[in-house]
Amino acid sequence: MKPARLLLLLSGCALLLAPAVRGCGPGRVVGSRRRPPRKLIPLAYKQFSPNVPEKTLGASGRYEGKIARNSERFKELTPNYNPDIIFKDEENTGADRLMTQRCKDRLNSLAISVMNQWPGVKLRVTEGWDEDGHHSEESLHYEGRAVDITTSDRDRNKYGMLARLAVEAGFDWVYYESKAHIHCSVKSEHSAAAKTGGCFPGRALATLEDGARTPLWALRPGQRVLAMDGAGRPTYSDFLAFLDKEPRALTSFHVIETREPPRRLALTPTHLLFVAENASAPAAHFRPTFASHVRPGHFVLVAAGGGGLQPAEVVRVRDRRDVGAYAPLTRHGTLVVDGVVASCFALVQEQHLAQLAFWPLRLYHSLVGWPGVQGDGVHWYSGLLYRLGRLLLPPDSFHPLGVPQAES
C-alpha cells in the first residue's frame, strides 16, 4: 500500500473512532461504564415499521409484477432449505420456500435471532411466494418478496417481539398484521435504493465556475462547481471524486419540486439536503435532512439570479426511476444540483461529522493530486467509513434504508 493511501486509511479510522471516544458509539471508553444491551421493544398489534406504506420508496418499494414458474423472472427466486426454519408448505409444492435472495438473507438472519431469543423455538413460515392468487392484488408475495411468519410453538405472546426481531434482521417492512402472523417484505433485487447510498441521476446538472452547466456523469476531478460554504454562502468548490458511481443502475429517486423559483431535484431517499420549516430562516440555519423526510410546505435552498441563494417552498414530492446514479464529493461537502443546494453525503444525518470524516480524503487529493479515471461502484474510502460506522455508531444513526453492506 502506498504511504499516502496508508496515511489516509489510518486518519479515517481515527476520525471514525472519535464519536466512540465522545461516548456516541457502542465502543467502551476507558474509565466509563459498559453500556447495557439495547432494549428491544415489541411491535404493537397493527403497528408497522418503518411507519410508511409498504409499497413506497421508504419501505419495500413498488410492486413490479407477478412471477410465474414459466416466466423469465422465475430465475430471480431461490429456494430456502435452512433446517432452522419450518416451512408450512400447505400446497405441498415447495412454493413457500421460494423467495428472492434479499428475502432469504433476512429470513436466515431472523432464524438465528429467534433461536437466541427463545431457546428450543424455531422460526416458522406460513406463506412465502404465492403462485395461486391467494393474496390481494399487487401483493409482494407474488414476487417472492414477502413472507408471513410465526414461531414454531405458535405462542401469540411472542409475536410482538418476533416482529421487532424481523425489523432488526433487516426486513424493509414489517407489519404485525394479524393475531395469527407477522408480515415481512423486502425491496426488489432491481431496486438500486436497496444497494446504493445517496446519489443523483447522471444527467442532473452541476454549474461550473464559468457559468456553464454540465451533467454529473461528465464531471472531472479539479473542476470547480457551485456549492455552499459553512456560513450558507454560495461558493465554487473543487470536485474531488465520486463516492458512488453506477452508470447503468436503474435507480429509484425522490423528486422534489419547488416554486418561486421553480426547481426540480431528483435524489435517492437517503441523501441529505438542507431544509427549513419557514422561509425566514437564514441559509446557515437550514438543517441537513434526508430526502425521504422532505414534505410539501418545507423550504429548501436554491440558486437564484445574481449568484445568491434563496429559500423556495416545496410544493410536490414524487418518485421516479432513472438510469445512472452518481454521488459527487466536493471540498466543501455540498453541491448545487439542478439549481438546488444539496449535501454530498447520505445515510447518516450529520453533515458536520461526515465532512470531518472525509477530511483525510481531501488531504489525500491535496498531497497526491487528481487520480486517473475512476472505476464504477462505491469508492473504497466511503465503503471503509460505512463499515466502520456500522461498528461504532448506534443503529438508529443511519437512515432505515442504510445498505447492509458497502462494496468497493
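The structure displayed is predicted, hence computed values, not measured ones.

## Describing the overall build of the protein
Thinking step 1. If you tally the helices and strands in the protein, you get 6 helices and 20 strands.
Thinking step 2. Counting every position in the protein, which comprises 408 residues, the buried fraction comes to 52%.
Thinking step 3. Taking the contacts inside the protein whose residues are at least 6 apart along the sequence as the reference set, 64% of them involve residues at least 24 apart.
Thinking step 4. Here the protein displays about 18,900 Å² of accessible surface, and carbon together with sulfur accounts for 53% of that area.

## Digging into the packing of helix H2 (residues 101-117) against helix H3 (residues 159-168)
Thinking step 1. Two numbers describe how H2 lies on H3: the axes approach to 9 Å, and their chain directions differ by 135°. Classified by the angle their axes make, H2 and H3 are oblique. The chirality of how H2 crosses H3 is right-handed. Seen from H2, the contacting residues are Leu110, Ser113, Val114 and Gln117; seen from H3, they are Met161, Leu162, Leu165 and Ala166.
Thinking step 2. Of the residues that constitute the contact of H2 with H3, the class distribution is 6 nonpolar, 2 polar and no charged.

## Side note on H2
Thinking step 1. Between the first and last C-alpha of H2 there are 24 Å, a value that for 17 residues agrees with the 24 Å anticipated at 1.5 Å per step.
Thinking step 2. Taken residue by residue, H2 has Arg102, Cys103, Lys104, Arg106, Leu107, Leu110, Ala111 and Val114 as its buried positions.
Thinking step 3. Its buried side turned inward, H2 meets strand E2 (78-79), strand E3 (85-87), strand E4 (98-99), strand E5 (123-127), strand E6 (146-151) and H3.

## Details of the sheet that holds strand E7 (residues 173-178)
Thinking step 1. Overall, mixed pairing links the 6 strands, which are arranged E1-E7-E8-E6-E5-E3 in an open sheet. Taken across any chain shown, the strands that pair with only one partner, and hence form the sheet edges, are strand E1 (48-49) and E3.
Thinking step 2. Alignment of E6 against strand E8 (residues 181-185), held across 4 bridges, turns out to be antiparallel. Paired with Asp148 across the bridge in E8 is His183.
Thinking step 3. Along the sheet, H2 makes contact with E3, E5 and E6, crossing E5 at roughly 140°.

## Digging into the confidence of the model for the protein
Thinking step 1. Per-chain confidence: the protein averages 84 in pLDDT, with 85% of residues scoring 70 or above.
Thinking step 2. Confidence drops under a pLDDT of 50 for residues 3-10, and excluding neighbours within four residues, the segment shows 14 contacts in the predicted structure.
Thinking step 3. Residue range residues 13-35 is modelled with pLDDT below 50. Its contacts to residues more than four positions away, or to other chains, number 34 contacts.

## Some details on the environment of Phe253
Thinking step 1. Secondary-structure assignment places Phe253 in strand E12 (residues 234-259).
Thinking step 2. Judged by its relative accessible area of 0%, Phe253 falls in the buried class.
Thinking step 3. Sequence separation between Phe253 and Asp322 is 69 residues; the distance between their C-alpha atoms is 7.4 Å.

## Quick look at the packing of aromatic side chains
Thinking step 1. Scanning the entire structure with this criterion turns up 10 aromatic pairs.
Thinking step 2. Pairing Phe345 with Phe358 gives two aromatic rings, centres 5.4 Å apart and planes at 20°, and the pair type is stacked. On the criterion of sequence distance, the pair formed by Phe345 in strand E19 (residues 340-346) and Phe358 in the loop between helix H4 (351-357) and helix H5 (359-368) is long-range, its members being 13 residues apart.
Thinking step 3. Here Phe358 falls in the buried class, since its relative accessible area comes to 7%.
Thinking step 4. Each member of the aromatic cluster is reached from another via a ring pair, and the members are Phe345, Phe358, Trp380 and Tyr381.
Thinking step 5. Here the guanidinium or amino end of Lys66 rests over the ring plane of Tyr142, the centre of that ring lying 5.0 Å away.
Thinking step 6. It is Lys179 that lies over the ring of Tyr45; its NZ or CZ is 4.3 Å from the centre.

## As for the pattern of salt bridges
Thinking step 1. Counting across every chain of the model gives 19 salt bridges.
Thinking step 2. Measuring nitrogen to oxygen at the nearest pair gives 3.2 Å for the salt bridge that ties Arg145 to Glu143. The pair formed by Arg145 and Glu143 is uniform in burial state, with each residue classed as buried.
Thinking step 3. Between Asp238 and Arg224 there is a salt bridge whose closest N-O contact spans 3.5 Å.

## Focus on unusual backbone geometry
Thinking step 1. Of note, the bond from Ser49 into Pro50 is cis; its omega dihedral lies within 30 degrees of zero at 0°.
Thinking step 2. Mapped onto the elements, Pro50 comes out in the loop between E1 and E2.
Thinking step 3. Residues Glu260 and Pro261 are joined by a peptide bond in cis, for which omega reads 0°.
Thinking step 4. Along the chain, Pro261 falls in the loop between E12 and strand E13 (263-267).
Thinking step 5. Positive phi outside glycine occurs at Glu138, with the angle close to 65°.

Conventions used here
Residues numbered from 1 in each chain as written. Predicted model: local features only at pLDDT ≥ 70, side-chain atom pairs only at ≥ 80, totals over all residues. Heavy atoms only, no water. Helix = DSSP H or I, 4+ residues; strand = E, 2+ residues; numbered from the N terminus. Buried < 20%, exposed > 50% of the residue type's maximum accessible area, 1.4 Å probe, protein only. Contact = heavy atoms within 4.5 Å. Areas by Shrake-Rupley, 256 points an atom, 1.4 Å probe, with all protein chains shown as cover. Axes fitted to C-alpha atoms, helices over the stretch in contact; angles between N-to-C directions. Parallel < 35°, antiparallel > 145°, perpendicular 65-115°, else oblique. Left-handed = near helix turned anticlockwise from the far one by under 90°. Nonpolar A, V, L, I, M, F, W, Y, C, P; charged D, E, K, R; others polar. Expected span 1.5 Å × (residues − 1). Pairing = 2+ DSSP bridges. pLDDT = per-residue confidence, 0-100. Phe/Tyr/Trp six-rings, centres within 6.5 Å; stacked < 30°, edge-to-face > 60°. Lys NZ or Arg CZ within 6 Å of the ring centre and 35° of its normal. Salt bridge = Lys/Arg side-chain N within 4 Å of Asp/Glu carboxyl O.

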